[in-house]
Amino acid sequence: MKEQKKYHGIVVPMVTPITKEGIVDTEAVERIVDFFAKNEVAPLIMGTTGEGNSVSTEQGVRMISAAKKAAQGRILIYSGLVGNCISDQYEAAKQFIAAGADVIAATLPSYYALTPEQMYEYYEQLADFLTVPLMLYNITITTHMSIPMDVIERLSHHPNIVGLKDSENNVPRLEEALKLFADREDFSYFCGCTANSAVAMRHGADGIVPSVANYLPQLYRDIYLAGLRGDEKELDRLQEACDRIGKINAAGLTLGQSLAGLKVIMKQRGLCEEYMLPPLTMLDEATAARIRKEAENITY
């Protein structure tokens, strides 16, 4: 069985539960984080699934504080860091850390196309600034840039950079990354593309970052544990289930709409309301009803 590194397991890109008035619903945050802790998964707050670009620093602090309170030391709190103004990012990071974030996961500033050296300098300087560990976060679907593997390899030797969450749907890239990092005790690889969960675990990934785990964490705990055991048959079976179940809130919808669909299921499970932060909106009732029906009796 693969030996677990310090940073490992299922890290859920947690939805941001809000009230009708558009503020973070701290009761729902505590409910969700307690649910995660009981299922031995950790939250990534204000990632893509958590509408991170739409959450103000003030509301982010509110959410992290509530999550830290609910976690009670049982799980780590990962906090996303996004934005295009670097000074604002640094100030937000300071406040998120003070509120209880254990790890910062940062995406590239994405208004301008960056050169590889600019990407390197951004992360190096951020890692030097932070007082908690930094995780690199590659997500081409939103930043429209891919952090080159040689840049990641260079950054992986920084003492305050502890891993990579890679959401790019690129199996050759995944395989290249795990040749470099699977056996590195000081650097963890997390697969952020759910469709590649099984192949990532086969190649020695340290964890998975799946949005559906917001309401079905045990499915992904099972695929993670099957990977650690090297249970090929079970990995294939569970990946098929991941693919099938993931379509419930995503099929035929944009990324933003799929996040609204996820909250439909979360409300059905009593975890949070369906409200979204602008510019995203709730789904029309016909689409929401379809999702509720398909999610009613999920099995795997």
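Note: the structure precedes this text.
Structure report, in brief.

Rules and cut-offs
Residues numbered from 1 in each chain as written. Predicted model: local features only at pLDDT ≥ 70, side-chain atom pairs only at ≥ 80, totals over all residues. Heavy atoms only, no water. Buried < 20%, exposed > 50% of the residue type's maximum accessible area, 1.4 Å probe, protein only. Helix = DSSP H or I, 4+ residues; strand = E, 2+ residues; numbered from the N terminus. Arc of directions from axis to C-beta. Contact = heavy atoms within 4.5 Å. Phe/Tyr/Trp six-rings, centres within 6.5 Å; stacked < 30°, edge-to-face > 60°. Lys NZ or Arg CZ within 6 Å of the ring centre and 35° of its normal. 1 Å grid on protein atoms, 1.4 Å probe; cavity = no way out; pocket = protein on both sides within 12 Å on 5 of 7 lines; lining within 4 Å. Points joined across faces, edges and corners; volume = space filled by probe spheres on them. Nonpolar A, V, L, I, M, F, W, Y, C, P; charged D, E, K, R; others polar. Core = buried A, V, L, I, M, F, W, Y, C linked by side-chain atoms within 4.5 Å. Expected span 1.5 Å × (residues − 1). Polar contact = N/O pair within 3.5 Å; in protein donor to acceptor, adjacent residues only side chain to side chain. Pairing = 2+ DSSP bridges.

**Some points on helix H12 (residues 285–295)**
Working step 1: Burial in H12 covers these residues: Thr287, Ala288, Ile291 and Ala295. One face of H12 carries all of its buried residues, which in axial projection span an arc of 100°. Summarising the geometry of H12, the exposed residues directed more than 90 degrees from the buried face are Glu285, Ala286 and Lys293.
Working step 2: Lining the buried residues of H12 we find helix H11 (255–268).

**Side note on the packing of aromatic side chains**
Working step 1: Applying the stated criterion to the full structure yields five aromatic pairs.
Working step 2: Consider the rings of Phe35 and Phe36, whose centres lie 6.3 Å apart with planes at 40°: the pair is tilted.
Working step 3: Overall, the relative accessible area of 24% leaves Phe35 in the partly exposed class.
Working step 4: Here the aromatic rings of Phe181 and Phe187 are separated by 4.6 Å at their centres, their planes lie at 45°, and the arrangement is tilted. The same class applies to Phe181 as to Phe187, namely buried.
Working step 5: Looking at Arg154, its charged tip hangs above the ring of Tyr120, at a distance of 3.8 Å from the centre.

**Remarks on the layout of surface pockets**
Working step 1: Looking at the largest pocket, its volume works out to about 750 Å³.
Working step 2: If you trace the largest pocket, you find 30 residues lining it, with Gly192, Cys193, Thr194, Ser211 and Leu255 closest to the centre.
Working step 3: Sorting the residues of the lining of the largest pocket by element identifies helix H5 (140–143), helix H10 (232–246) and H11 as the ones contributing at least two each.
Working step 4: In terms of residues, the lining of the largest pocket owes the most to one element, H11, which gives four residues.
Working step 5: The residue makeup of the lining of the largest pocket, split by class, is 15 nonpolar, 12 polar and three charged.
Working step 6: By volume, the second largest pocket is sized at about 430 Å³.
Working step 7: Lining the second largest pocket we find 27 residues, and of these Thr48, Glu51, Gly52, Asn53 and Thr142 sit closest to its centre.

**Side note on the nonpolar core**
Working step 1: The biggest cluster of nonpolar side chains holds 112 residues, and the ones touching the most others in it are Tyr78, Ile104, Tyr123, Leu134, Tyr215 and Ile245.
Working step 2: Ignoring anything within four residues of it in the chain, the contact list for Tyr123 reads Ala106, Thr107, Leu108, Leu134, Leu136, Tyr137, Ile147, Leu155 and Ile161.

**Here we look at H10**
Working step 1: Its 15 residues give H10 an end-to-end C-alpha distance of 21 Å, which sits within 8% of 21 Å, the value for a rise of 1.5 Å per residue.
Working step 2: Elements in contact with the buried residues of H10: helix H8 (197–202) and helix H9 (217–229).

**Focus on the environment of Arg184**
Working step 1: When you line up the elements, Arg184 lands in the loop between helix H7 (171–181) and strand E7 (188–191).
Working step 2: Judged by its relative accessible area of 15%, Arg184 falls in the buried class.
Working step 3: Separated by 170 residues in sequence, Arg184 and Met14 have C-alpha atoms that sit 27 Å apart.
Working step 4: For Arg184, the contacting residues outside a window of four places in its chain are Lys5, Glu153, Ser156 and His157.

**Some thoughts on the side chain of Glu168**
Working step 1: Assignment of secondary structure puts Glu168 in the loop between strand E6 (161–166) and H7.
Working step 2: Of the residues examined, Glu168 reaches a relative accessible area of 16% and is grouped as buried.
Working step 3: Within polar-contact distance, the side chain of Glu168 engages the side chain of Arg173 at 3.5 Å.

**Remarks on empty space enclosed by the protein**
Working step 1: Taken as a whole and judged by the stated rule, the model has one cavity of 30 Å³ or more.
Working step 2: A per-class count over the lining of the largest cavity returns seven nonpolar, no polar and one charged.

**Things to note about unusual backbone geometry**
Working step 1: Omega for the bond connecting Pro278 with Pro279 falls within 30 degrees of zero, at 10°, which places this linkage in the cis form.
Working step 2: Structurally, Pro279 can be placed in the loop between H11 and H12.
Working step 3: Phi angles above zero are rare outside glycine, and Met46 is one such case at about 65°.
Working step 4: Within the secondary structure layout, Met46 lies in the loop between strand E2 (42–45) and helix H2 (57–71).

**Section: the sheet that holds E2**
Working step 1: Spatially, E1-E2-E3-E4-E5-E6-E7-E8 is the arrangement adopted by the eight strands of the closed barrel, whose pairing is parallel.
Working step 2: Strand direction decides the pairing type here: strand E3 (residues 78–81) and strand E4 (residues 103–106), joined by four bridges, are parallel. Following the sheet pairing, Ser79 is matched in E4 by Ile104.

**Some details on the side chain of Gln239**
Working step 1: Within the fold, Gln239 resides in helix H10.
Working step 2: For Gln239, a relative accessible area of 9% gives the class buried.

**Digging into the environment of Pro210**
Working step 1: Relative to the elements of secondary structure, Pro210 occurs in the loop between strand E8 (207–208) and H9.
Working step 2: The class of Pro210 is buried, set by a relative accessible area of 0%.
Working step 3: C-alpha separation for the pair Pro210 and Thr19, spaced 191 residues apart in sequence, amounts to 24 Å.
Working step 4: Residues within four places of Pro210 in sequence aside, it is in contact with Ile10, Val11, Val12, Pro13, Thr194 and Tyr220.

Just distances and angles here, no functional claims.
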